[in-house]
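Descriptive analysis of the structure
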Amino acid sequence: MKNALFCGVLAAMAALATNARCEITVHTAHNESGDASADFKFKGVPRPAKNGTAGKFTIVAGEVDDAGGGLEKLNDGHLPGEEDDPAENFFFNAGTPGGRLKLDLNQSKPIRQINTYSWHANTRAPQVYKVYGATGSAPDFNPAPAHDQDPAACGWTLIASVDTRPKDGDPGGQYGVSISDSASNVGEYRYLLFDCKAAETDDGFGNTFYSEINVLGPGDAGADAGPSASVPEIKPYDVHTPDGKYEIVFDASRAPDLADWTTNKLAPVLLEWYPKIVDYLPSEGFEAPAKFTVTLRPGRGVADTENTRINVYIPWVHSQINGQAIGSVVHECVHVVQQYGYARRHNPHPAENPGYFVEGLADYFRFYKFEPQTKGAEIRRRGLQNANYNRSYRVTANFLNWATEKFGQDLVPRLNAAMREGNYSADFWTKETSKSLQDLNTAWKDDLKKKLGGESSGG
């Protein structure tokens, strides 16, 4: 009996020595929604490990939300492309207070860092959890403690408590947490238990979108890596057209993985085509901007333009890098040249321009000048009933192309000049074509019906 007790004391002392810690530190970082990107680059917290973490996650309390990804999303090395990307995150079911996750590392090993990452537009971004470790050798070890059972009472050691909820301000964005020991390892464990709580309970949607959990040993890739160790910093840079007349500033700092595409694919196209857009859309006394910026940034949508600033959204580029990405930026370059705010500075009573012609003209240049081979503005038989000159974008572009073919190649430049000068009205069409806009609309649709009469309904 004494020998058994002595052995038990020795085992306990050995376990304490194995998991002795100098000082556990919890470093947290927050990228606000406007600064977050799919790169998951933080100040003071390492970026996620490229290869994820070896081991198997299981749920020991709580239930997965079917709208999200499975447990494999926690350690597969793949990150969400945008702030609301449920399929690339794991989260507990809506309306529940959270749950518990166990990670089995397959064997006890020293742990240098425990790093967790999350991303969401609102209250599902902050992280609230406690993490425990266990070797599994304690006599009272319970591998799956229920949600109301204290893990510390059944063979688990509390490693750290985490709560990244901001005291004020917008809780949305991207969060990174790095748990480490200031002098040594966090400990030596086989199992880790993450006791996750909902970040808010005001409604049923407070469970955090966990994007990745990394558990790194002293020699694992990613341990001790600084926030930019694996990805070089990309600074904004400018390029000039061969004649030096136009300058474009590119900023891919929040999308380092797209820096090569920006430099070698996008920039040459814009350097060639921006001067062509300027030449195509002149008006008396007007000079197009000699400099504009193109910024790749996180967020939803395709792209937008404010004066001389083009924003291109990173998830869109990723999804269309071999498809529509470049054409969509050319569309935005047309907006830079349109400069319809010019009218407010030169016309005391400028008319308001119809948005459908603003966007339709940009798509007209894109699909009939820049990339006609894509036939991106063609109208198929199934789209006939919705065809109208004011449908905007591609449909309006199709109307403008038809009108150009009927009434002259300078019709669109003249339309642009009228809108830039604040002189546009529906009378423009009567003056230019001797037909009202409604009559033109009817004639265009009649021609479409004749053209598509032989097409199948699925064409």
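The rules behind these values
Residues numbered from 1 in each chain as written. Predicted model: local features only at pLDDT ≥ 70, side-chain atom pairs only at ≥ 80, totals over all residues. Heavy atoms only, no water. Helix = DSSP H or I, 4+ residues; strand = E, 2+ residues; numbered from the N terminus. Rg over C-alpha atoms; globule rule 2.2 N^0.38 Å. Buried < 20%, exposed > 50% of the residue type's maximum accessible area, 1.4 Å probe, protein only. Areas by Shrake-Rupley, 256 points an atom, 1.4 Å probe, with all protein chains shown as cover. 1 Å grid on protein atoms, 1.4 Å probe; cavity = no way out; pocket = protein on both sides within 12 Å on 5 of 7 lines; lining within 4 Å. Points joined across faces, edges and corners; volume = space filled by probe spheres on them. Nonpolar A, V, L, I, M, F, W, Y, C, P; charged D, E, K, R; others polar. Pairing = 2+ DSSP bridges. Axes fitted to C-alpha atoms, helices over the stretch in contact; angles between N-to-C directions. Contact = heavy atoms within 4.5 Å. Salt bridge = Lys/Arg side-chain N within 4 Å of Asp/Glu carboxyl O. Expected span 1.5 Å × (residues − 1). Bend = angle between axes of the 7 residues up to and from the residue. Polar contact = N/O pair within 3.5 Å; in protein donor to acceptor, adjacent residues only side chain to side chain. Core = buried A, V, L, I, M, F, W, Y, C linked by side-chain atoms within 4.5 Å. Disulfide = S-S within 2.5 Å. pLDDT = per-residue confidence, 0-100.

Looking at the overall build of the protein chain
Helices and strands together make up the secondary structure of the protein chain, namely 10 helices and 14 strands. Here the C-alpha radius of gyration of the protein chain, 30 Å, is well above what a compact globule of 459 residues would show, namely 23 Å. Seen through its C-alpha atoms, the protein chain measures out along the principal axes to roughly 110 × 50 × 40 Å. The proportion of buried residues among the 459 residues of the protein chain is 49%. With an accessible surface of roughly 21700 Å², the protein chain has 48% of that area assigned to carbon and sulfur atoms.

Thoughts on empty space enclosed by the protein
Considering all chains together, one arrives at 1 cavity of 30 Å³ or more under this definition. Forming the boundary of the largest cavity are Phe 92, Cys 196, Lys 197, Asn 207, Thr 208 and Tyr 210. Here the residues of the lining of the largest cavity sort into 3 nonpolar, 2 polar and 1 charged.

Some details on the sheet that holds strand S14 (residues 309-313)
Spatially, the 5 strands line up as an open sheet ordered S10-S11-S12-S14-S13, and their pairing is mixed. Every interior strand has two partners, whereas the edge strands, strand S10 (237-240) and strand S13 (303-306), have only one. Looking at each pair of strands side by side, their axes are set apart by 20° on average, direction ignored. Of the pairings in the sheet, the one linking S10 to strand S11 (residues 247-251) comprises 4 bridges and is antiparallel in character. Following the sheet pairing, His 240 is matched in S11 by Glu 247. Of the strands in this sheet, S10, S11 and strand S12 (291-297) are in contact with helix H2 (residues 259-280), which crosses S11 at around 155°.

Remarks on the pattern of salt bridges
If you walk through the whole model with that rule in mind, you get 16 salt bridges. Note that Arg 100 is salt-bridged to Asp 195, the shortest N-O span being 3.2 Å. On the criterion of sequence distance, the pair formed by Arg 100 in strand S3 (residues 98-111) and Asp 195 in strand S8 (residues 187-197) is long-range, its members being 95 residues apart. Under the relative-accessibility criterion, Arg 100 is labelled buried at 4%. Here the salt bridges share partners, and the residues they tie into one network are Lys 73, Asp 76 and Glu 88.

Observations regarding H2
Over its 22 residues, H2 runs 30 Å from end to end, which matches the ideal 32 Å to within 8%, given 1.5 Å per residue. Largest kink in H2: about 40°, centred on Leu 266, with the proline Pro 268 one to four residues after it.

Some details on the sheet that holds strand S7 (residues 173-181)
Spatial strand order, S1-S7-S4-S9: 4 strands in an open sheet with antiparallel pairing. Strands at the two margins of the open sheet, each flanked by one partner only, are strand S1 (24-31) and strand S9 (210-216). Along the sheet, successive strands turn relative to each other by an average axial angle of 10°, direction set aside. Summarising the sheet, strand S4 (residues 113-120) and S7 pair through 8 bridges and their orientation is antiparallel. Across the sheet, the residue bridging to Gln 113 is Ser 180, located in S7.

Focus: the side chain of Asn 31
Looking at where Asn 31 falls in the secondary structure, it is placed in strand S1. With relative accessibility at 13%, the residue Asn 31 sits in the buried group. Among the polar contacts made by the side chain of Asn 31, one reaches the main-chain carbonyl oxygen of Lys 41 at a distance of 2.9 Å. Discounting chain neighbours no more than four positions away, the residues touching Asn 31 are Ala 36, Lys 41, Phe 42, Gly 172, Gly 173 and Gln 174.

Remarks on the nonpolar core
Core analysis: the largest hydrophobic core is formed by 70 residues, its most contacted members being Val 294, Phe 357, Phe 399 and Trp 429. In terms of residues, this core owes the most to one element, H2, which gives 11 residues. Apart from residues no more than four positions distant in its own chain, Phe 399 is found in contact with Phe 357, Tyr 389, Trp 429, Leu 437, Leu 440, Asn 441 and Trp 444. Counting residues in each nonpolar core, the second largest holds 24 residues, with Ile 114, Ile 159, Tyr 189 and Tyr 210 among its members.

Observations regarding the state of the cysteines
The tally for this structure, following the rule as stated, stands at 0 disulfides. Here Cys 196 stays unpaired: no disulfide links it, and the sulfur of Cys 154, its closest cysteine neighbor, is 16 Å away. Note on Cys 196: relative accessible area 5%, which makes it buried.

Points about the confidence of the model for the protein chain
As a note on interpretation, predicted positions should not be read in detail where pLDDT is low. Confidence in the prediction of the protein chain, expressed as mean pLDDT, is 89, and 91% of residues score 70 or more. Between residues 223-231, whose pLDDT stays under 50, and residues either more than four places distant or in other chains, the model counts 23 contacts. Segment residues 454-459 is flagged for pLDDT under 50; beyond a separation of four residues in sequence, or across chains, it makes 9 contacts in the model.

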